[in-house]
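Reading the structure
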Amino acid sequence: MKNSVWILWIGSLAAAFAGSGWVASLGQGVFWLTLLAHLVEFFVNRPLFEKVGGSMGHHFVQTMIYGLFHWTPLKRSLEEN
């Protein structure tokens with residue numbers, strides 16, 4: 001499931017660069033919305049990442065790529081302990 005996000009990233013970039021007309025516009029829109037959503041997810045979940053520990057750079061990159069598929073398991077494991 002986590003790797004399905006790659007389809008979104010690659011698909012939106014392919015549509016933006018290889019598509020034309022509305023397909024290219026849709027690809028650009030999906031790319032920028034996904035980027036913005038993941039950026040917001042990182043800052044909203046920053047306290048979680050600080051509790052879990054590790055490199056903040058790692059958490060940033062993983063959140064930018066995978067979004068909720070990165071932080072949801074972290075939150076779940078923290079709640080179990």
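Look up a bit, the structure's there.
Attention in this report is confined to the structure presented alongside it. Only a predicted model underlies this, so the values are computations on that prediction, with no experimental measurement involved.

1. Focus: the overall build of the chain
Within the chain one finds 5 helices and 0 strands. Helices (α) and strands (β) of the chain occur, in sequence order from the N terminus, as α-α-α-α-α. At 15 Å, the chain has a C-alpha radius of gyration far larger than the 12 Å of a compact globule built from 81 residues. Viewed in the frame of its principal axes, the chain has a C-alpha envelope of about 50 × 20 × 15 Å. Across the 81 residues that make up the chain, the buried fraction comes to 30%.

2. Some thoughts on helix 1 (residues 4-18)
An ideal rise of 1.5 Å per residue puts 21 Å on 15 residues; helix 1 measures up with 21 Å between its terminal C-alpha atoms. Residues of helix 1 that are buried include every one of Val5, Trp9, Ser12, Ala15 and Ala16, and no others. Projected down its long axis, helix 1 shows its buried positions confined to an angular sector of 140°, all on one face. Facing away from the buried surface of helix 1 by more than 90 degrees, the exposed residues are Ile7, Ile10, Phe17 and Ala18. Contacts made by the buried residues of helix 1 are with helix 2 (22-44), helix 4 (56-66) and helix 5 (68-80).

So, how was this worked out
- Residues numbered from 1 in each chain as written.
- Predicted model: local features only at pLDDT ≥ 70, side-chain atom pairs only at ≥ 80, totals over all residues.
- Heavy atoms only, no water.
- Helix = DSSP H or I, 4+ residues; strand = E, 2+ residues; numbered from the N terminus.
- Rg over C-alpha atoms; globule rule 2.2 N^0.38 Å.
- Buried < 20%, exposed > 50% of the residue type's maximum accessible area, 1.4 Å probe, protein only.
- Expected span 1.5 Å × (residues − 1).
- Arc of directions from axis to C-beta.
- Contact = heavy atoms within 4.5 Å.

Read these as geometric descriptors, not functional statements.
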